[in-house]
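Take a look at the letters that make up each chain.
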Amino acid sequence: MRDTVTTTETIADPKTHYGDAKASTRHFITQRLTGAINIAFLLLLLFVVVRLAGQDRADVVGLLGNWFVGIPFAGLIAIAAIHMRNGMRDTLEDYLAGSLYRLAMLLNTLFCLAVALLGAGAVLKIVFWG
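Enquirer: So what exactly am I meant to see when it comes to the side chain of Thr-34 here?
Expert: Following the sequence through the fold, Thr-34 ends up in helix H2 (residues 21-52). A polar contact is formed between the side chain of Thr-34 and the backbone oxygen of Gln-31, at a distance of 3.2 Å. A polar contact is formed between the side chain of Thr-34 and the side chain of His-83, at a distance of 2.8 Å. The contacts of Thr-34, once residues within four sequence positions are left out, are Ile-79, Ile-82 and His-83.

See below:
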């Protein structure tokens, strides 16, 4: 009889470690914190959407050009991109492994970074340069 350990026995062993504990804790806290901030910013998003319903470009620039609305809105875009990256990471971890997972995470990170930089940058351009 061979002395092998099945997957179930490995998972049941409390001494078995999967991944980096600090990175997992940081991911957990970041996901919860960005989710809570997104809920707090929901009122700002609803205000902007209701206020701009049926308006033209000049009204959009006028509202987002106000620093009191534009700067938090740019922050909302950046925080939503961080939350989106973490959410996709959870999905990618479930379905991919090895080098395919690393490639998918790289593409996920680059896409979320592009969304954050382009979105927040566009809003900040309106705030500071009209």
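Enquirer: Any chance you could explain the packing of H2 against helix H3 (residues 57-64) here in plain terms?
Expert: A packed helix pair is summarised by two numbers, namely the angle formed by the two axes and the spacing between the axes. In the contact formed by H2 and H3, the axes pass within 10 Å of each other and the chain directions differ by 150°. Relative to H3, H2 is oriented roughly antiparallel. Along this stretch, H2 crosses H3, giving a crossing that reads as right-handed. Here H2 contributes Phe-47, Val-48, Arg-51 and Leu-52 to the contact with H3, which in turn contributes Asp-59, Val-60 and Leu-63.

Each value, and the rule that gives it
- Every residue gets a number counted from 1 within its own chain, in the order that chain's sequence is written.
- Only residues with pLDDT of at least 70 are given local features in this predicted model, and only at 80 or more are side-chain atom pairs given and counted; all residues enter the totals for whole chains, interfaces and linings.
- Here the side-chain values reflect all heavy atoms present in the structure, with hydrogen atoms and water set aside.
- Runs of E in the DSSP output that reach at least two residues are strands. Runs of H or I that reach at least four are helices, and both are numbered from the N terminus.
- Here a polar contact means two N or O atoms within 3.5 Å. Within protein one must be a hydrogen donor candidate and the other an acceptor candidate, and residues neighboring in sequence count only if both atoms are side-chain atoms.
- By the convention used here, residues are in contact when the closest approach between their heavy atoms is within 4.5 Å.
- Fitted lines through C-alpha atoms serve as axes, helices being fitted only where they are in contact, and the angles separating the N-to-C directions of these axes extend from 0 to 180 degrees.
- Should an angle fall under 35 degrees it is taken as roughly parallel, and over 145 as roughly antiparallel, whereas 65 to 115 is taken as roughly perpendicular and any remaining angle as oblique.
- For any pair of crossing helices, the crossing counts as left-handed if the nearer helix is rotated counterclockwise from the farther one by less than a right angle, and right-handed if it is rotated clockwise.

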